[in-house]
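Take a look at the letters that make up each chain.
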Amino acid sequence: MTPNSTKPKEFKDDFWKAKDIKFSFGEIIEDNSPASEDKETFVGPTLKPSATDLRSWDMKLLERYPPFYAPFCDMCCLCTYGKCDLTGKKGACGIDIEAQQGRFALLTCCIGAAAHSAHSRHLLEYLIHKVGPDHPVDFGNNIDIEAPIIRTLIGKAPKTLGDIREAMSYMEEENLHLLSACHTGQEGNHLDFESKAFHAGLMDHIGMEIGDISQIAALNLPKGEPDTSLIELGIGSIDRDKPVILCIGHNVAPGSGIVDYLEDNDLEDDVEICGICCAAIDITRYSNRAKVVGPISKQLKFLRSGVADVVVVDEQCIRSDVLEEAQKTGTALIATTDKMCLGLPDRTNDEVDSILADILNKRIEGALILDPEKVGEVATKLSLSLSKSRKSIKTLPDMDEIQEEASKCTQCEWCVRVCPNNLPIMDAVSSAGKGDLDAVESLYNNDICYTCGRCEQECPEDIKIMDLMSKVGENNLKSQKFNIRAGRGPIQDVEVRRVGAPIVLGDIPGVIAFVGCTNYPNGGEEVAKMAEEFLKRNYIVVTSGCGAMSIGEYKDEEGKTLYEKYSGDFDARGLVNLGSCVSNSHISGVAIKIANIFAKKPLEGNFEVIADYILNRVGACGVAWGPYSQKAAAIAAGVNRWGIPVVLGPHGSKYRRLYLGRPDKEDVWNLNDMRTGKVIKGEPAPEHLLFAAENREEATVAIAKNCLRPTDTNKGRQIKLNHYIDLNKKYFGVIPEDVYKYIRTDKDIPITYKNDVKEILERNNWEPRELVMEPSILDFPEEE
Ligand code: SF4
Ligand code: SF4
Ligand code: SF4
């Protein structure tokens with residue numbers, strides 16, 4: 001059918017009154033899926049978009065938020081025409097330093113997107129094998145839009161697991177094209193590299209959505225219920241008198257195989273199953289008897305504690321030396337995916353008894369087993385066999401050995417130099433050598449040191465600094481008990497209906513998403529404190545993965561975690577744990593749902609309209625406070641392309657590329673008012689798309705500011721500015737001078753700060769300006 005547009009509509013409720021809304025559609029196609037026979041679906045112009053299909057949107061974003069590069073290294077070593085020095089020069093292939101930075105950004109995002117999508121492909125095929133391709137993707141009556149990203153990009157909703165394969169194939173093809181653009185002699189323009197990096201981020205989001213909806217559907221994980229169980233968290237919650245199986249990584253398949261085996265054999269009370277990182281989160285979504293040990297960044301600490309009888313690794317973010325570390329404590333190791341085989345023999349097709357005999361008799365160092373059900377049986381039987389004998393193994397040195405070891409310290413300071421956080425580890429070690437363990441204890445207990453082990457690697461005296469830490473920390477292991485609300489998965493449609501208007505109009509001042517890895521500059525407490533700051537101020541806080549764990553590892557004076565103090569509702573003062581890394585797809589997912597459910601924007605093939613809506617109306621901000629892996633870089637690029645800004649911590653800036661807005665360039669912020677057809681003077685809202693803060697205080701203020709949106713009503717703008725000013729005063733003692741840029745009329749001035757703000761307005765020759773009705777950075781539609 002030919003492109004068409006609907007008649008003007010009227011939309012009216014308690015919060016919002018609008019007339020003459022006009023929707024444009026590229027074409028109308030028939031949805032032949034069995035569940036929607038006879039139903040026609042409107043489809044916009046960007047169905048299964050390639051990178052170039054969305055290039056015009058990217059260029060609009062990049063015009064507002066140009067990439068800021070700060071290369072650490074000016075050399076390119078990617079082919080043997082080089083190495084090429086790009087300092088003010090071009091490489092042998094003609095590339096310059098700017099394009100090289102863009103290429104690096106694309107490559108990083110491609111790696112991240114590939115990790116998520118390969119994980120999702122593995123999971124999808126495993127689950128189809130387990131429950132069949134016709135298994136329904138149906139999350140119940142409270143969720144009609146099970147896959148908002150797939151619907152927007154592919155143009156239809158998957159009704160079964162088998163249907164998801166179409167989205168998977170599309171994404172794999174796109175990822176291939178993107179990676180190929182990194183080859184020598186392909187793309188040469190830095191903005192085009194950035195546009196492709198955005199596309200890789202978008203593919204990452206579809207990959208994450210595939211992973212999470214597949215596992216929710218097939219393994220019956222929570223389907224968006226806000227009140228999931230509180231799960232035990234922390235190494236102190238593990239019952240060490242029982243055999244312990246520790247899963248590390250991101251893929252739930254082996255963990256679910258272990259849970260199934262324990263249940264089928266009535267062993268749930270006899271064996272502890274726990275995990276580190278997203279494997280832990282997803283196993284606890286599958287069984288609330290499982291426990292979360294903690295975030296991935298502390299895996300060396302957990303491994304050296306010797307708590308696990310068996311370690312099961314799957315994929316992503318696992319230490320490459322995990323086998324060596326496991327052997328130090330007599331722990332058996334099973335690798336379970338093609339991504340991480342660790343040199344182990346493939347025993348997938350062997351009898352369980354023969355695998356057990358070979359591991360227990362140390363004929364092999366561990367086993368690669370690619371069948372999750374067999375992993376369940378082998379891991380359980382190994383843990384039962386090893387548990388008793390391992391009790392007599394001394395996993396850590398005695399205290400006097402520790403002190404003797406520490407006394408070898410020559411105060412050469414190499415450990416401090418290599419520490420990513422520049423911690424006073426030399427002082428701590430040398431004091432320990434004199435019998436004073438307070439400094440080591442403080443670094444360990446407060447998670448200031450995240451036990452990356454770089455200091456130990458560098459120490460010329462070969463002091464086992466991690467053993468020292470683990471031994472000193474051993475005394476407090478029992479107190480390391482916290483909780484975390486189990487990951488709930490997507491946000492329900494009914495919640496979106498409730499909060500869509502308050503978010504878009506500004507009554508709920510923002511949605512803040514704390515995601516990413518946890519090697520924080522000053523321990524996990526900073527993330528929890530930021531989360532609490534915004535919860536108290538009526539923001540919605542969402543989290544996932546290791547960030548969700550860090551929030552749970554913080555207790556107030558009454559000994560309560562934030563999960564005990566705040567509900568899991570997606571509403572003001574709600575603390576929502578979405579789930580694992582792949583559940584991050586529900587962050588962009590809920591923003592898409594606001595555009596669709598609240599504003600009735602059609603999704604199918606309509607990426608630019610949806611992203612434009614989110615950028616200008618949904619006051620959301622992502623926060624990645626730790627350093628970030630390639631996966632996190634891809635997530636951020638995807639979030640950015642959907643129109644959501646991200647604030648990074650100091651480590652995040654090491655990717656050497658930010659997207660910074662220029663508030664001083666007024667024209668850049670002009671908006672097209674789709675209601676009136678006029679170009680309206682805008683404001684830097686959101687100010688930056690990718691911004692790095694140096695400390696918690698700066699980040700907190702930047703997050704509040706990046707929730708401002710052009711559609712805020714006067715009341716909404718007052719609320720948001722009140723928080724922005726309040727936080728600035730709290731942390732920096734002043735009212736921010738740039739507040740005048742965000743006052744459109746007198747009615748925007750927060751009452752509490754009226755006089756002070758008026759002085760700032762006068763100082764800056766402020767004049768009132770017109771309010772935009774339907775802000776957009778898209779071009780006006782062409783006259784018919
Ligand atoms: S890819 Fe280009 S810049 Fe890099 S080493 Fe090869 S020729 Fe030099
Ligand atoms: S383990 Fe890592 S974070 Fe801890 S002191 Fe050593 S280098 Fe620093
Ligand atoms: S590197 Fe080793 S010897 Fe040097 S200061 Fe650190 S702990 Fe002491």
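Conventions and cut-offs
Every chain begins its residue count from 1, and numbering advances along the sequence as written. Here chains are named by letter from A upward and ligands by number from 1 upward, in the order in which they appear as written. Note on the predicted model: pLDDT of at least 70 is required for a residue's local features to be given, and 80 or more for side-chain atom pairs to be given and counted; whole-chain, interface and lining totals, by contrast, use all residues. Put simply, DSSP marks the helices as runs of H or I at least four residues long and the strands as runs of E at least two long, and each gets a number from the N terminus on. The quantity called the radius of gyration is restricted to C-alpha atoms. Its globule counterpart is 2.2 Å times the number of residues to the power 0.38. Field definition: a residue is buried when 20 or more other C-beta atoms are found within 10 Å of its C-beta, exposed when 12 or fewer are, and partly exposed for counts in between, with C-beta atoms placed from the backbone. In this description, a residue-residue contact is defined by the distance between C-beta atoms placed from the backbone, which must lie within 7 Å. Any residue whose backbone-placed C-beta atom lies within 6 Å of a molecule or strand is treated as near that molecule or strand. Residue polarity is assigned by list, with Asp, Glu, Lys and Arg as charged and Ala, Val, Leu, Ile, Met, Phe, Trp, Tyr, Cys and Pro as nonpolar; anything else, Gly included, falls into the polar class. UniProt positions are given in the numbering used here, feature names are shortened, and annotations may be inferred rather than shown by experiment. For the purposes of this description, domain bounds are those given by an automatic or database domain assignment. Axis definition: a line fitted to C-alpha atoms, over the contacting stretch in the case of helices. Angles run 0 to 180 degrees between N-to-C directions. Oblique is the label for any angle not under 35 degrees, not over 145, and not in the 65 to 115 range, which are roughly parallel, roughly antiparallel and roughly perpendicular in turn. Under the convention used throughout, the expected extent of a helix is 1.5 Å for every residue step, that is, one less than its residue count. In this context, the arc is that of the directions from the helix axis out to the C-beta atoms. What makes a nonpolar core is a set of buried Ala, Val, Leu, Ile, Met, Phe, Trp, Tyr and Cys residues, with links drawn between C-beta atoms within 7 Å. For two strands to be treated as a pair, DSSP must find at least two bridges joining them. Handedness rule for crossovers: strands pointing away from the viewer, path from the first strand over the helix to the second running clockwise, crossover right-handed.

Caption draft 1: Layout of the overall build of the chain. When its secondary structure is counted, the chain shows 27 helices and 27 strands. Whereas a compact globule of 784 residues would reach a radius of gyration of roughly 28 Å, the chain reaches 27 Å, a difference of no more than 12%. Seen along its three principal axes, the alpha-carbon backbone of the chain occupies a region of about 80 × 65 × 60 Å. Residue burial in the chain is summarised as follows: out of 784 residues, 56% are buried. Across the chain, the fraction of contacts at a sequence separation of at least 24, relative to all contacts at a separation of at least 6, is 75%.

Caption draft 2: Structural context of the site of ligand 2. In the vicinity of ligand 2 there are 13 residues, among which C419, I425, C449, C452 and C455 approach most closely. Partitioning the shell around ligand 2 into residue classes produces 9 nonpolar, 3 polar and 1 charged.

Caption draft 3: Representation of the UniProt feature "binding site: [4Fe-4S] cluster 3" (unreviewed entry) in the chain within the structure. The positions UniProt marks with the feature "binding site: [4Fe-4S] cluster 3" (unreviewed entry) are C409, C412, C415 and C459. Taken together, the annotated residues stretch across 51 residues yet fold into one region, lying no more than 10.5 Å apart by C-alpha. Position of C415 relative to the elements: it lies in helix 13 (residues 414-418). Residues contacting C415, with those up to four places away along its chain left out, are I425, M426, C455, E458, C459 and I465. Position of C459 among the secondary structure elements: in the loop between helix 16 (454-458) and helix 17 (465-474). Not counting residues within four places of it along the chain, the set of residues in contact with C459 comprises W414, C415 and I465.

Caption draft 4: Up close: the domain arrangement of the chain. According to the domain assignment, the chain contains domain 1 (46-219), domain 2 (230-391), domain 3 (399-463) and domain 4 (482-776). Counting residues at the interface gives 7 residues for domain 3, matched by 5 residues for domain 4. Each residue belonging to the side of domain 3 that touches domain 4 can be placed in one class, and the counts come to 4 nonpolar, 2 polar and 1 charged.

Caption draft 5: Representation of the packing of helix 5 (residues 190-219) against helix 22 (residues 585-598). At their nearest, the axes of helix 5 and helix 22 sit 8 Å apart, and the two run at 100° to each other. Comparing the axis directions of helix 5 and helix 22 gives the class roughly perpendicular. Along the contact surface, helix 5 presents H205, M208, E209 and D212, while helix 22 presents S585, S588 and G589. Class assignment for the residues of the contact of helix 5 with helix 22 results in 1 nonpolar, 4 polar and 2 charged.

Caption draft 6: Broad picture of helix 4 (residues 164-180). The terminal C-alpha atoms of helix 4, which comprises 17 residues, lie 25 Å apart, in line with the 24 Å expected from a rise of 1.5 Å per residue. Among all positions in helix 4, only I164, A167, M168, M171, E174, N175 and L178 are buried. Considered in projection along helix 4, the buried side chains sweep an arc of 135° and stay on one side of the axis. Turned more than 90 degrees away from the buried face of helix 4, the exposed residues are L176 and S180. Here the buried face of helix 4 lies against helix 2 (97-131), helix 3 (148-154) and helix 5.

Caption draft 7: Structural detail: the site of ligand 3. Every one of the 13 residues lining ligand 3 counts as a neighbour, but C409, C412, C415, M426 and C459 are closest to it. Looking at the shell around ligand 3, the elements that each hand over two or more residues are helix 13 and helix 14 (425-433). Tallied by class, the residues present in the shell around ligand 3 amount to 8 nonpolar, 2 polar and 3 charged.

Caption draft 8: View of the nonpolar core. One finds I245, L246, A531 and V541 to be the most contacted residues of the largest nonpolar core, which totals 235 residues. It is helix 2 that provides the largest number of residues to this core, a total of 15 residues.

Caption draft 9: Quick look at unusual backbone geometry. Of note, the amide linkage connecting G82 to K83 takes the cis form, showing an omega dihedral of 10°. With an omega of -5°, the peptide bond running from A685 to P686 counts as cis. Inspection of the secondary structure assignment puts P686 in the loop between strand 25 (679-680) and strand 26 (690-692). Residues other than glycine seldom take positive phi values, yet Q411 does so here, at roughly 55°. The topology assignment puts Q411 in the loop between helix 12 (399-406) and helix 13. Owing to 12 C-beta atoms within 10 Å, Q411 belongs among the exposed residues under this scheme. With phi around 50°, N765 is a residue other than glycine that occupies positive phi space.

Caption draft 10: Local environment of the pairing of strand 18 (residues 511-515). Among the 5 residues of strand 18, 5 are classified as buried, and the element is accordingly described as predominantly covered. Across the two faces of strand 18 the burial is the same, with V511, A513 and V515 and I512 and F514 all buried. Bridge count for strand 18 against strand 19 (residues 540-543) is 4 bridges, and the pairing is parallel. Residue I512 lies in a different strand from strand 19, and its bridge partner there is V541. As a crossover connection, the stretch from strand 18 through helix 19 (residues 525-536) into strand 19 is right-handed.

Caption draft 11: Just the UniProt feature "binding site: [4Fe-4S] cluster 2" (unreviewed entry) in the chain, in detail. Using the residue numbers shown here, the UniProt feature "binding site: [4Fe-4S] cluster 2" (unreviewed entry) corresponds to C76, C79, C84 and C93. Across 18 residues of sequence, these annotated residues stay compact in space, with a maximum C-alpha separation of 10.6 Å. On the secondary structure map, C76 appears in strand 8 (residues 75-76). Beyond its immediate chain neighbours, meaning those up to four positions away, C76 contacts G82, K83, C84, L86, G91 and Q100. You can call C93 partly exposed: it has 18 C-beta atoms within 10 Å. Leave out the neighbours within four places in its chain, and C93 touches Y81, T184 and G185.

Caption draft 12: Seen up close, the sheet that holds strand 24 (residues 671-673). With respect to topology, 3 strands assemble into an open sheet ordered 25-24-27, the strand pairing being antiparallel. This sheet does not close on itself; its edge strands, each paired only once, are strand 25 and strand 27 (775-776). Examined bridge by bridge, strand 24 and strand 25 share 2 bridges and lie antiparallel to one another. Opposite L671, over in strand 25, you have I680 as the bridge partner.

Caption draft 13: Fine view of the pairing of strand 11 (residues 244-248). Taken across its 5 residues, strand 11 has 5 buried, putting it largely inside the fold. The alternating pattern of strand 11 places V244, L246 and I248 and I245 and C247 on opposite faces, both of which are buried. In terms of handedness, the path from strand 11 via helix 6 (residues 252-264) over to strand 12 (residues 272-276) forms a crossover that is right-handed. Where strand 11 and strand 14 (residues 310-313) come together, 4 bridges link them in parallel fashion. Bridged to I245 within strand 14 is V310.

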